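Chain and residue survey
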Amino acid sequence: MLGLAAEQLRADMNRLLALLFHQGVLDEQFLQLQQLQDESSPNFVSEVVNIYFHESEKLLRNLRAFLMDGEFSDYKKIGMHLNQFMGSSSSIGAKRVRNVCVAFRAASDQNNRIGCIRALEMLEHEYCYLKNKLLELFQMEQQRVLAAGVRYPAQHN
């Protein structure tokens, strides 16, 4: 008999995903990414998303460093970083992060330092929310896989 915990975790995962879609945090691209995962690559989604996290954190550090430099005036450099962030966010279905990047890009196109700083704060907030929720989802998935693999011995009375 498979553990009932596995089914409960699957239901919890589905509820969390539904919430993230309802909130506009994720879009259909995330579902397409999930469809690429199979038995031959059971950790595909978490591996791709972890690469996204690693690259995004470098981009966020660079963006913050640019904007905190009192002498900074190369808004094209910010735009290039934002283009990279928008592309990678789109590829994993991080809809709200991508949308904040678009607003951030508009501020950088206008050389609006204050607007860029505000957009960076919003981008960091949205990124942290996304990261926390996806890590929660991946943790549930790991627990579900473990629970599904647990077999309870038959009771002999």
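Residues numbered from 1 in each chain as written. Predicted model: local features only at pLDDT ≥ 70, side-chain atom pairs only at ≥ 80, totals over all residues. Heavy atoms only, no water.

The protein chain carries the name Histidine-containing phosphotransfer protein in an unreviewed UniProt entry, which gives Carnegiea gigantea as its organism. Listed in UniProt under the heading Function (unreviewed entry), the comment for the protein chain reads: "Functions as a two-component phosphorelay mediators between cytokinin sensor histidine kinases and response regulators (B-type ARRs). Plays an important role in propagating cytokinin signal transduction." (UniProt positions renumbered as here; feature names shortened; annotations may be inferred.)

Here's the deal with the UniProt feature "domain: HPt" (unreviewed entry) in the protein chain
Under the UniProt annotation, the feature "domain: HPt" (unreviewed entry) is placed at residues 41-137. The span residues 41-137 is 86% helix and 0% strand, and its two end C-alpha atoms sit 17 Å from each other. (Helix = DSSP H or I, 4+ residues; strand = E, 2+ residues; numbered from the N terminus.)

Examining the packing of helix α4 (residues 75-92) against helix α5 (residues 95-109)
Packing of α4 against α5 brings their axes to within 9 Å, and their N-to-C directions diverge by 165°. Taken together, the axis directions place α4 and α5 in an arrangement best described as roughly antiparallel. As α4 runs across α5, the sense of the crossing is left-handed. Across the interface between the two elements, Tyr 75, Ile 78, Gly 79, Leu 82, Asn 83, Phe 85, Met 86, Ser 89 and Ser 90 from α4 touch Val 97, Arg 98, Cys 101, Val 102, Phe 104, Arg 105 and Ser 108 from α5. When grouped by side-chain class, the residues that make up the contact of α4 with α5 number nine nonpolar, five polar and two charged. (Axes fitted to C-alpha atoms, helices over the stretch in contact; angles between N-to-C directions. Parallel < 35°, antiparallel > 145°, perpendicular 65-115°, else oblique. Left-handed = near helix turned anticlockwise from the far one by under 90°. Contact = heavy atoms within 4.5 Å. Nonpolar A, V, L, I, M, F, W, Y, C, P; charged D, E, K, R; others polar.)

Here's the deal with the packing of aromatic side chains
Under the defined criterion, the tally for this structure stands at seven aromatic pairs. Measuring from centroid to centroid gives 6.4 Å for Tyr 52 and Tyr 127, while their planes differ by 55°, and the two rings are tilted. With Tyr 52 in helix α3 (residues 44-68) and Tyr 127 in helix α6 (residues 113-149), this residue pair connects regions lying 75 residues apart in the sequence. Here Tyr 52 and Tyr 127 have matching classes, each one buried. Taking the centre distance of 6.4 Å and the plane angle of 65° together, the rings of Phe 85 and Tyr 127 count as edge-to-face. (Phe/Tyr/Trp six-rings, centres within 6.5 Å; stacked < 30°, edge-to-face > 60°. Buried < 20%, exposed > 50% of the residue type's maximum accessible area, 1.4 Å probe, protein only.)

Focus on the environment of Asp 69
Examined against the element boundaries, Asp 69 turns out to sit in the loop between α3 and α4. Considering only alpha carbons, one finds Asp 69 and Tyr 129, 60 residues apart in sequence, at a separation of 26 Å. Polar side-chain contacts of Asp 69 include one of 2.9 Å to the backbone nitrogen of Glu 71. (Polar contact = N/O pair within 3.5 Å; in protein donor to acceptor, adjacent residues only side chain to side chain.)

Notes on helix α1 (residues 4-22)
Taking 1.5 Å of rise per residue, the 19 residues of α1 would be expected to cover 27 Å, and the 27 Å separating its terminal C-alpha atoms lies within 8% of that figure. For α1, the full list of buried residues reads Ala 6, Leu 9, Met 13, Leu 16, Leu 17 and Leu 20. With its buried residues spanning 100° around the axis, α1 presents them on a single face. Within α1, the exposed residues directed more than 90 degrees away from the buried face are Leu 4, Glu 7 and His 22. If you follow the buried residues of α1, they end up packed against α2 (28-35) and α6. Of the residues flanking the end of α1, it is Gly 24, one or two places downstream, whose phi is positive at about 80°. (Expected span 1.5 Å × (residues − 1). Arc of directions from axis to C-beta.)

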